[in-house]
Amino acid sequence: VEHKLDAITKIVKSNYQSGDKILFFGDNGEKDPTIYLTAVKNLTLTNAEIYIRDVRAETVEQLTAPNDLKKLEGINYFLPKLIYSKNYLLYLMN
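In this report, the structure presented in the accompanying data block is examined.

Reading the values: rules and limits
- Residues numbered from 1 in each chain as written.
- Predicted model: local features only at pLDDT ≥ 70, side-chain atom pairs only at ≥ 80, totals over all residues.
- Heavy atoms only, no water.
- Core = buried A, V, L, I, M, F, W, Y, C linked by side-chain atoms within 4.5 Å.
- Buried < 20%, exposed > 50% of the residue type's maximum accessible area, 1.4 Å probe, protein only.
- Helix = DSSP H or I, 4+ residues; strand = E, 2+ residues; numbered from the N terminus.
- Contact = heavy atoms within 4.5 Å.
- Phe/Tyr/Trp six-rings, centres within 6.5 Å; stacked < 30°, edge-to-face > 60°.

**Remarks on the nonpolar core**
Counting residues in hydrophobic clusters, the biggest one holds 14 residues, and the most contacted among them are I8, V12, F24, Y36, A39, L45 and I50. Of all the elements in the fold, those that place two or more residues in this core are α1 (2-15), β1 (22-27), α2 (32-42) and β2 (48-53). Beyond its immediate stretch of four places on either side in the chain, Y36 contacts K4, I8, F24, F25, G26, I50 and I52.

**Concerning the packing of aromatic side chains**
The full count for this structure, using the stated rule, is two aromatic pairs. Look at F25 and Y51: their rings are 5.3 Å apart centre to centre, the planes differ by 15 degrees, and that puts the pair in the stacked class. Of this pair, F25 sits in strand β1 while Y51 sits in strand β2; the two residues are 26 residues apart in sequence, bridging distant segments of the chain. Residue class for F25 comes out partly exposed when judged on its relative accessible area of 44%.

Right, here's the structure in full:
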């Protein structure tokens, strides 16, 4: 967790300019929601958006969000939409 937060902090501090929009993409398989919320708060990123893909097995199989999905304020959740094309498997936000 600390390693990821440190990496985000380094990248933002060396590249971010006031007014830039920062998009965080991750999944709820580990700690991405908490790490991204902490980064936004600690770095005072007023123009940031967080997108978290629900990767729980039941969600991926059904492509619907179960009612028990624990949502954190300030995070946009999305479900995977699978597209098969030749040798590629793509996940798209819906």
